[in-house]
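The chain contents come next:
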Amino acid sequence: MSDDGKTGLSYKARRRWSLVLLLIGLPVYIVAVVTIVNWLDRPPIWLELLVYVALGIVWALPFKFIFKGVGKEDPDRPSE
């Protein structure tokens, strides 16, 4: 992947995948994390908070290329 922001996915495809990840993937991930943490004995509250914050950041790292530039104007659209 180059540094110019281009990926194998078009802008529209990245927007669609980002919506799928936010509306379906993230809730499923949250339920899975809460379930797994509940299986463990209750850790101290500071450790539990640290685990949730860390896992809240980690989930997006593999999908960084999908979210990159999605909030900006479509670069493929011809300017007027």
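Just above sits the structure.
If you're wondering where the values come from, they're calculated on a predicted model, not measured in any experiment.

**Q** Tell me about the overall build of the protein, and please be specific about residues and values.
**A** The number of helices and strands found in the protein is 3 helices and 0 strands. Walking the protein from its N terminus toward its C terminus, one meets helices and strands in the order α-α-α. Across the 80 residues that make up the protein, the buried fraction comes to 15%. Within the protein, contacts between residues separated by at least 24 positions form 73% of all contacts whose residues are at least 6 apart in sequence. Of the accessible surface of the protein, which amounts to about 6600 Å², a share of 68% is contributed by carbon and sulfur atoms.

**Q** Please give an account of the packing of helix H1 (residues 11-39) against helix H2 (residues 45-58) that cites residues and values.
**A** Relative orientation of the contacting elements H1 and H2 amounts to 150°, with a least axis distance of 11 Å. Taken together, the axis directions place H1 and H2 in an arrangement best described as roughly antiparallel. Here H1 and H2 pass one another in a crossing that is right-handed. Along the contact surface, H1 presents Tyr-29, Val-33, Val-34 and Val-37, while H2 presents Glu-48, Val-51, Tyr-52 and Leu-55. Looking at the contact of H1 with H2, its residues break down into 7 nonpolar, no polar and 1 charged.

**Q** Mind laying out the pattern of salt bridges, listing which residues take part and the relevant values?
**A** Inspection of every chain in the model, using the stated rule, returns 1 salt bridge. Across the pair Arg-42 and Glu-48 runs a salt bridge whose closest N-O atoms are separated by 2.7 Å. Using a relative accessible area of 64% as the deciding quantity, one classes Arg-42 as exposed. The exposure class of Glu-48 is buried, given its relative accessible area of 10%.

**Q** Before we move on, can you summarise a nonpolar patch on the surface with the specific residues and values?
**A** On the surface, a cluster of nonpolar side chains totalling about 700 Å² of accessible area is made up of Trp-17, Leu-19, Val-20, Leu-22, Leu-23, Ile-24 and Val-28. As for its position among the elements, Leu-23 is in helix H1. Residue class for Leu-23 comes out exposed when judged on its relative accessible area of 63%.

**Q** Break down the environment of Ala-60 for me, citing the residues and quoting the values.
**A** In this fold, Ala-60 is placed in the loop between H2 and helix H3 (64-67). You can call Ala-60 partly exposed: its relative accessible area is 25%.

**Q** Pulling in residues and values, what's your account of the side chain of Ser-18?
**A** Looking at the element boundaries, Ser-18 is found in helix H1. A polar contact is formed between the side chain of Ser-18 and the backbone oxygen of Arg-15, at a distance of 2.7 Å. Beyond its immediate stretch of four places on either side in the chain, Ser-18 contacts Ile-66, Phe-67 and Val-70.

How each quantity is defined
- Residues numbered from 1 in each chain as written.
- Predicted model: local features only at pLDDT ≥ 70, side-chain atom pairs only at ≥ 80, totals over all residues.
- Heavy atoms only, no water.
- Helix = DSSP H or I, 4+ residues; strand = E, 2+ residues; numbered from the N terminus.
- Buried < 20%, exposed > 50% of the residue type's maximum accessible area, 1.4 Å probe, protein only.
- Contact = heavy atoms within 4.5 Å.
- Areas by Shrake-Rupley, 256 points an atom, 1.4 Å probe, with all protein chains shown as cover.
- Axes fitted to C-alpha atoms, helices over the stretch in contact; angles between N-to-C directions.
- Parallel < 35°, antiparallel > 145°, perpendicular 65-115°, else oblique.
- Left-handed = near helix turned anticlockwise from the far one by under 90°.
- Nonpolar A, V, L, I, M, F, W, Y, C, P; charged D, E, K, R; others polar.
- Salt bridge = Lys/Arg side-chain N within 4 Å of Asp/Glu carboxyl O.
- Patch = residues over 30% accessible without salt bridge, like charges linked within 9 Å, V, L, I, M, F, W, Y side chains within 5 Å.
- Polar contact = N/O pair within 3.5 Å; in protein donor to acceptor, adjacent residues only side chain to side chain.

Structural measurements only, silent on function.
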